[in-house]
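# Inside the fold
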Amino acid sequence: MDELKLTIQEAQDLLLLSQSSVYSWIDKGKLQSAETPGGKVIVISKKEADEIRNFNLKSRRNKVAKQVLQKNTMEDNQQETPVINAEILENTGIEEPQKSSQDVTLRLISRIEELAVDAGRFKQLEILRNEEKENLKFWQEKYHELNLELKKKDVEITSLKAQLEAFKARAEQKSFLNIFKKH
């Protein structure tokens, strides 16, 4: 069986998945990965890769596959590529203005997906921080409640000690009086 070792970008291109989908599939165990000095590598059989690609090409929900199909359709029709606004190219970091608009669109979509994933991570961090603050507030309140309860118990203990001392003093006084009565 032919085994492929693909970088994340190569897996995206071959399987017609977004970057976030590739990482999601790795996390869920749908794709096997291995760590290499150059980064993660997806390990997949050629047959399985073809099946995933064909499925994604047929899927109506797969945006990456739609873009590939549109690109192929445009190339088949040999349409001219529109001129790309230089400002967009500067903002996306794309240096080659000769690239087709589909390439730019794919890169923009990929970057948007990356930003969405990052935003999701920041949102998760914000949620965790808020939970930590709530937990901290909860435990601070518990600490103060227990500290107040401890002070009340200290007062009770002091009161009981005083009562015990008074009781001992009365008992000693009675025993002393009983000794005098006997003599």
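Scroll up to find the structure.
A brief look at the structure comes next.

Rules used throughout
- Residues numbered from 1 in each chain as written.
- Predicted model: local features only at pLDDT ≥ 70, side-chain atom pairs only at ≥ 80, totals over all residues.
- Heavy atoms only, no water.
- Helix = DSSP H or I, 4+ residues; strand = E, 2+ residues; numbered from the N terminus.
- Buried < 20%, exposed > 50% of the residue type's maximum accessible area, 1.4 Å probe, protein only.
- Contact = heavy atoms within 4.5 Å.
- Areas by Shrake-Rupley, 256 points an atom, 1.4 Å probe, with all protein chains shown as cover.
- Arc of directions from axis to C-beta.
- Pairing = 2+ DSSP bridges.
- Axes fitted to C-alpha atoms, helices over the stretch in contact; angles between N-to-C directions.
- Phe/Tyr/Trp six-rings, centres within 6.5 Å; stacked < 30°, edge-to-face > 60°.
- Lys NZ or Arg CZ within 6 Å of the ring centre and 35° of its normal.
- Expected span 1.5 Å × (residues − 1).

### Here's the deal with the overall build of the protein chain
Helices and strands together make up the secondary structure of the protein chain, namely six helices and three strands. Sequence-ordered secondary structure for the protein chain, helices as α and strands as β, is β-α-α-β-β-α-α-α-α. Across the 183 residues in the protein chain, those meeting the buried criterion constitute 19%. Of the contacts made within the protein chain by residues no fewer than 6 positions apart, 51% connect residues no fewer than 24 positions apart. For the protein chain, the computed accessible surface area is about 14,900 Å², with 54% contributed by carbon and sulfur atoms.

### Structural notes on helix α2 (residues 19–28)
Considered for burial, the residues of α2 that qualify are Val22, Trp25 and Ile26. Around the axis of α2, the buried residues are gathered within 100° of arc, so they sit on the same side. Looking at α2, the residues exposed on the side facing more than 90 degrees away from the buried face are Asp27 and Lys28. In this structure, the buried residues of α2 make contact with α1 (8–15), β2 (32–36), β3 (39–45) and α3 (46–58). Where α2 ends, the next residue or the one after it, Gly29, has phi of about 85°, a positive value.

### Looking at the side chain of Gln12
Here Gln12 is to be found in helix α1. For Gln12, the contacting residues outside a window of four places in its chain are Leu17, Ser18, Gln19, Val22 and Ser110.

### Focus: the sheet that holds strand β1 (residues 3–6)
The strands that make up a sheet pair up through hydrogen bonds in the backbone, lying either parallel or antiparallel. The strand order across the open sheet formed by three strands is β1-β3-β2, and the pairing between neighbours is antiparallel. Two strands close off the open sheet at either side, each with one partner strand: β1 and β2. Sheet twist, expressed as the mean angle between neighbouring strand axes with direction ignored, is 30°. Where β2 meets β3, five bridges bridge the pair, whose relative direction is antiparallel. The residue of β3 that forms the bridge with Ala34 is Val41. Its contacts with the sheet put α1 on β1 and β3, and the angle it makes with β1 is roughly 120°. Packing against the sheet, α3 makes contact with β1 and β3, and its axis sits at approximately 90° to β3.

### So, the packing of aromatic side chains
One pass over the full model with this rule turns up one aromatic pair. On the numbers, 4.9 Å between centres and 80° between planes, the contact of Phe138 with Trp139 is edge-to-face. The exposed category is assigned to Trp139, whose relative accessible area is 57%. Between Lys30 and the ring centre of Trp25, over which it is positioned, the NZ or CZ distance is 5.2 Å.

### Quick notes on unusual backbone geometry
A negative phi angle characterises most non-glycine residues, just as the trans form characterises most peptide bonds. A positive phi angle is found at Leu16, which is not glycine, with a value near 60°. Positionally, Leu16 belongs in the loop between α1 and α2. For Leu16, a relative accessible area of 1% puts it in the buried group.

### With respect to α3
Its 13 residues give α3 an end-to-end C-alpha distance of 18 Å, which sits within 8% of 18 Å, the value for a rise of 1.5 Å per residue. Along α3, the positions that sit buried rather than exposed are Ala49, Ile52 and Asn56. Across the axial projection of α3, the buried residues extend over an arc of 65°, all falling on one side. The outward face of α3, more than 90 degrees from its buried face, is lined by the exposed residues Lys47, Phe55 and Lys58.

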